[in-house]
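A look at the structure
Here is what each chain is made of, one letter per residue.
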Amino acid sequence: MPFRLLVPFGLLCALLPLHHGAPGPDGTAPDPAHYRARVKAMFYHAYDSYLENAFPYDELRPLTCDGHDTWGSFSLTLIDALDTLLILGNVSEFQRVVEVLQDNVDFDIDVNASVFETNIRVVGGLLSAHLLSKRAGVEVEAGWPCSGPLLRMAEEAARKLLPAFQTPTGMPYGTVNLLHGVNPGETPVTCTAGIGTFIVEFATLSSLTGDPVFEDVARVALMRLWESRSDIGLVGNHIDVLTGKWVAQDAGIGAGVDSYFEYLVKGAILLQDKKLMAMFLEYNKAIRNYTRFDDWYLWVQMYKGTVSMPVFQSLEAYWPGLQTLIGDIDNAMRTFLNYYTVWKQFGGLPEFYNIPQGYTVEKREGYPLRPELIESAMYLYRATGDPTLLELGRDAVESIEKISKVECGFATFTETFLTERDKQSKWSGIPQLLLKLYATSHLHSDFTECQNILKEISPLLSMEAMAFVTEERKLTQETTYPNTYIFDLFGGVDLLVEILMRPTISIRGQKLKISDEMSKDCLSILYNTCVCTEGVTKRLAEKNDFVIFLFTLMTSKKTFLQTATLIEDILGVKKEMIRLDEVPNLSSLVSNFDQQQLANFCRILAVTISEMDTGNDDKHTLLAKNAQQKKSLSLGPSAAEINQAALLSIPGFVERLCKLATRKVSESTGTASFLQELEEWYTWLDNALVLDALMRVANEESEHNQASIVLPPPGASEENGLPHTSPRTQLPQSMKIMHEIMYKLEVLYVLCVLLMGRQRNQVHRMIAEFKLIPGLNNLFDKLIWRKHSASALVLHGHNQNCDCSPDITLKIQFLRLLQSFSDHHENKYLLLNNQELNELSAISLKANIPEVEAVLNTDRSLVCDGKRGLLTRLLQVMKKEPAESSFRFWQARAVESFLRGTTSYADQMFLLKRGLLEHILYCIVDSECKSRDVLQSYFDLLGELMKFNVDAFKRFNKYINTDAKFQVFLKQINSSLVDSNMLVRCVTLSLDRFENQVDMKVAEVLSECRLLAYISQVPTQMSFLFRLINIIHVQTLTQENVSCLNTSLVILMLARRKERLPLYLRLLQRMEHSKKYPGFLLNNFHNLLRFWQQHYLHKDKDSTCLENSSCISFSYWKETVSILLNPDRQSPSALVSYIEEPYMDIDRDFTEE
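This is a predicted model, so every value here is computed, not measured. (Residues numbered from 1 in each chain as written. Predicted model: local features only at pLDDT ≥ 70, side-chain atom pairs only at ≥ 80, totals over all residues. Heavy atoms only, no water.)

**Topic: the packing of helix α47 (residues 977-995) against helix α50 (residues 1018-1030)**
Where α47 contacts α50, the two axes come as close as 11 Å, and the packing angle between them is 135°. In this view, α47 runs oblique relative to α50, as classed from their interaxial angle. The way α47 lies across α50 gives a crossing that is left-handed. Of the residues in α50, those touching α47 at Leu-977, Asn-981 and Val-984 are Phe-1024, Arg-1027 and Leu-1028. Counted by class, the contact of α47 with α50 contains four nonpolar, one polar and one charged residues. (Axes fitted to C-alpha atoms, helices over the stretch in contact; angles between N-to-C directions. Helix = DSSP H or I, 4+ residues; strand = E, 2+ residues; numbered from the N terminus. Parallel < 35°, antiparallel > 145°, perpendicular 65-115°, else oblique. Left-handed = near helix turned anticlockwise from the far one by under 90°. Contact = heavy atoms within 4.5 Å. Nonpolar A, V, L, I, M, F, W, Y, C, P; charged D, E, K, R; others polar.)

Written as structure tokens, this is what we have:
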């Protein structure tokens, strides 16, 4: 092959950026230095091979490891390499090569040389190296850049070309003899590019040498071509330079014409020549009018504009770069993406590509490692900074190195070479199979042969995918999957996408069809490729039309499982959430699912209805959330909200989810055959690693039943080597249970998300109506909180940072659902049974207080049945939970949500009677819990349980009956106020209420309770207040720690009620000074309160929660904040009055770091 690879290496160095973020082979963002180093190594592999095997010939023949002359015996590769050596920083080698060239290159030789190639490669190579030399640190001659050895060589070579321009038209011959000039018998027919590709080098040479002859002849040649264009503004690709008549009248932008247009633009930029640019722009109009079709450029007849060749040539790949140079970025990107699609299809650009057929042209399949597409990517990236363009650089490195690297350099990629290389590289015949697949999958194919080829490919990839799963997802550095990699590298993924989407194409009004079996094979192969290569999944995710199309394949039961699994993988990495309302006939699609399909579909829904994670470190801060909410208000509902609404509009959707969530295991098995059930199991292998679960459970059951297996008598035959046992037609019961658990956790997740969405009240009503809660209550002992195996089965759920077994995940999802269901909603009483509701009424009656209205309004036909309601069952398992169990956090959250909102004495007493307070205190004090999450949830629950409840404080005092216990309790509180501040708030509010009540029972509690006595002390309150303000800042406020700010406000509001607010502020000022941080705390508090005003301005739900939980009107909250933020320094209740002028810093922007 011609040794042109040095050019792409230089361009790849220019394309791969110095900054971080270039995508790696798996779609991740590795250090770009990795790829730059690889490009450098590839260059030297080729360069060193040339020096060792081919010098002083023009070029290396890498397959035979020798050299040959091609364009004039100039050691052309060395000249080509000069500027690349400087780009790579190899100054010493550059200087050595310059000396070698001066000693060895002689232009006075009897050789016929290409005028075009000698100019662009010899003259151009020498000039660029000459001009780069000083910048690269090479010592140059005095008078540089107008003198120097390389300039002199360039001038000498160019003068050898001048005789070619001595024609009647001024257009040069294509070939010249370096010693004798143009041969008498030389053909006058020259390609257009061979005439119009001199202005850059020759104008530069005239400028540096002072001799105008070079620029003059180049301009004359350009003008003659311009004058020879057709009436519709096009030029052909070969012309007679003696007569000026067109010999080949095919007009296009590819071979024979390409660099003419390129030099018009680059010449215009170099010389700041408006005339040259005007000439190109006129050509550009004609090219767009006559040759452009769907951002491809075809060949047309130059006089009529009719299509002559509907092909794309690899040389045309320079065009997006040229469009970029003139500022036509949008068209450049669209054309580039067309060309890049071809690259992905073949792992390189074939010389000719038939656009209508979507395949290579026979005998022109090879890829001679041309640099044009890489150059276009470089220009586009420099213009846009779009990191997706770097993928070409990555793909070029991977393709060239994997496909073309041989012992002595890099060889042209041809079909013959593919076959030979396959023998060495063990590609399992995949490239050849793909070539056959391309040839047999055209639009008019019946796909018979195509399906046979897919059957050959499928097992090659499925074995690797199975290895990927069973080897517990080893890192790619440790395990490689060559078949899936090669399949993708040679365009297999893109081809299967095209095949699958054939039904979207109409020919003569009829839709194309492919069989379900073929679709199934395509989907399986795509999925297996995705399993082993993350980058494939990300690429598929970018094809939104394909993702939407996949949903339509779920209408067939034969392809449902494969489609659902592939969609789930794709949506898991998709940057932008898909909109379900774009799925054709969504309502009909979902309504026609059977229950098993709907359960599987919930895995997809889990991704489509949850708000996407932004990926920022500060994504959970209130500042970020408020900014996102403002943005959302201007943009309308999010995709997740739109998807939730779309699902809720499907008749019977929520009802079916409720039935799925509450059905018993025996109801789920039906009459499904063993193979059908096993296939359903297989769909979970991707994310859930259920293959491991399946194997372990099966092994456990096998070992358990081993003793009951009757071995055959000696000599008895055994078919397939198996003992004679009764045939098993169904999966083991333990597997069925786990299968059902995994379905239910997905269904519960979807219901939970819907419960927290905009249509919460609608979902609440439907969940109650369809008896989800009593149904879950009936499953509680046998399935949800069943005694689970100690097996270390792992499930990778929606939170990829948490690896849990299916049993554990179901429990957590169940508790999250209960929390969402109970939180601030009157339907929470459905968690009780009729007897327990009567108990609530009796508590209210005994206390002589009005019965809770929500209890009276509860529909008794929808509550739990049986001896115990769901809340009571939860309390029972909560009290039995081991001290170190992570379930404690979720259990406490679920129970606390039952108490949230307006404080209910009856609710509190219901839980107190069941020993909840004693359990909480045992965990906090006696077990000395260390988990911050569990402590926080227990403190929050304890606060809601005790708030305003004298009986609860009496129980507390009875349990914490020694100073030692009380000190342990205080230690836990003070160890992290972020965790315990809600309890501090509840006790503070309770103290305030008790102090204003005249009641013997209350007076007794006030006098005896250690906790109330402790909180009542001003120094204690000031200590809490100082620390609560000090541990939060506007930039770090989250939904979790904003409670610290509200607790601080509660303390100050109650102080204001007692007209002690100035005292508390004065004490805060003193504490600041004692800590030697004057102004720091109060400035911070001032900023926090400013944020509080903005945050709660339009938060009706949040402000109502504050009001209900504190029994302080929200107007009083706002008044207190306004008083504290009063700018009047004379006000005794204004923060600014206590900040000394030198330390004043109250106007800081919230976005400041």
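**What about the sheet that holds strand β13 (residues 311-313)?**
Pairing within the open sheet is antiparallel, and its three strands lie in the order β13-β14-β15. Taken across any chain shown, the strands that pair with only one partner, and hence form the sheet edges, are β13 and β15 (359-360). With two bridges connecting them, strand β14 (residues 352-354) and β15 associate as antiparallel partners. Opposite Tyr-353, over in β15, you have Thr-360 as the bridge partner. (Pairing = 2+ DSSP bridges.)

**Observations concerning the UniProt feature "active site" (unreviewed entry) in the protein**
Here, the residues flagged by UniProt with the feature "active site" (unreviewed entry) are Glu-117, Asp-258, Glu-351 and Glu-372. With respect to the helices and strands, the residue Glu-117 is situated in helix α5 (residues 115-133). Structurally, the position occupied by Asp-258 is in helix α10 (residues 258-271). Among residues more than four places away in sequence, those in contact with Asp-258 are Ala-193, Ile-253, Leu-315 and Tyr-318. (UniProt positions renumbered as here; feature names shortened; annotations may be inferred.)

**Some words on the sheet that holds strand β8 (residues 250-251)**
Taking strand neighbours across the sheet as the criterion, the three strands line up as β8-β11-β12 in an open arrangement whose pairing is antiparallel. Looking at strand neighbours, the two that pair on one side only are β8 and β12 (307-309), the edges of this open sheet.

**Quick notes on the pattern of salt bridges**
Counted according to the given criterion, the structure contains 46 salt bridges. The residue Arg-893 makes a salt bridge to Asp-940 at a minimum N-O spacing of 3.2 Å. Of this pair, Arg-893 sits in helix α41 (residues 887-899) while Asp-940 is found in helix α44 (residues 932-946), placing the two residues 47 residues apart along the sequence. Of the two residues, Arg-893 and Asp-940, neither departs from the other in class, the shared state being buried. (Salt bridge = Lys/Arg side-chain N within 4 Å of Asp/Glu carboxyl O. Buried < 20%, exposed > 50% of the residue type's maximum accessible area, 1.4 Å probe, protein only.)

**As for the environment of Tyr-959**
By the secondary structure assignment, Tyr-959 is in helix α45 (residues 950-959). With relative accessibility at 17%, the residue Tyr-959 sits in the buried group. Spatially, the C-alpha atom of Tyr-959 lies 9.1 Å from that of Leu-917, the residues being 42 residues apart in sequence. Setting aside anything within four residues of it in sequence, one finds Tyr-959 in contact with Glu-918, Leu-921, Tyr-922, Asp-926 and Lys-965. Side chain to side chain, Tyr-959 and Asp-926 meet in a polar contact 2.2 Å long. (Polar contact = N/O pair within 3.5 Å; in protein donor to acceptor, adjacent residues only side chain to side chain.)

**Quick word on the confidence of the model for the protein**
Averaged over every residue, the pLDDT of the protein is 83; the share at 70 or more is 83%. This stretch, residues 1-7, has a pLDDT under 50; its non-local contacts, to residues over four places away or in other chains, come to 27 contacts. Counting contacts from residues 788-803, a segment whose pLDDT is below 50, to residues more than four positions away or on other chains yields 37 contacts. (pLDDT = per-residue confidence, 0-100.)

**Brief notes about the nonpolar core**
Counting residues in hydrophobic clusters, the biggest one holds 350 residues, and the most contacted among them are Phe-261, Phe-551 and Phe-969. Per-element tally for this core: the top contributor is helix α34 (residues 733-755), with 13 residues. Apart from residues lying up to four places away in sequence, Phe-551 is in contact with Ile-567, Leu-571, Ile-578, Leu-580, Val-583, Leu-589, Phe-601 and Ile-604. (Core = buried A, V, L, I, M, F, W, Y, C linked by side-chain atoms within 4.5 Å.)

**A few points about unusual backbone geometry**
Of the consecutive residues Phe-55 and Pro-56, the connecting peptide bond is found in the cis state with omega at 10°. Along the chain, the position of Pro-56 falls in the loop between α2 (32-53) and β1 (59-61). The linkage connecting Trp-144 with the following residue, Pro-145, adopts the cis geometry, with an omega of 15°. The topology assignment puts Pro-145 in the loop between α5 and α6 (149-161). Although it is not a glycine, Gln-272 adopts a positive phi angle of roughly 55°. Following the sequence through the fold, Gln-272 ends up in the loop between α10 and α11 (274-290).

**Structural notes on the packing of helix α4 (residues 91-104) against α6**
Running from N to C, α4 and α6 point in directions that differ by 40°, and their axes come no closer than 11 Å. Here α4 lies oblique to α6, going by the angle between them. In the packing of α4 onto α6, the handedness of the crossing is left-handed. Residue-level inspection shows Phe-94, Val-98, Leu-101 and Gln-102 of α4 in contact with α6, the latter providing Pro-149, Leu-150 and Met-153. Classifying every residue of the contact of α4 with α6 gives six nonpolar, one polar and no charged.

**Section: the environment of Val-97**
Looking at the secondary structure, you find Val-97 in helix α4. Residue Val-97 is classed as buried on the basis of its relative accessible area, which comes to 0%. In the structure, Val-97 is positioned 15 residues away from Leu-82 in sequence and 7.5 Å away in space, judged by C-alpha atoms. Ignoring anything within four residues of it in the chain, the contact list for Val-97 reads Tyr-47, Leu-78, Leu-82 and Leu-85.

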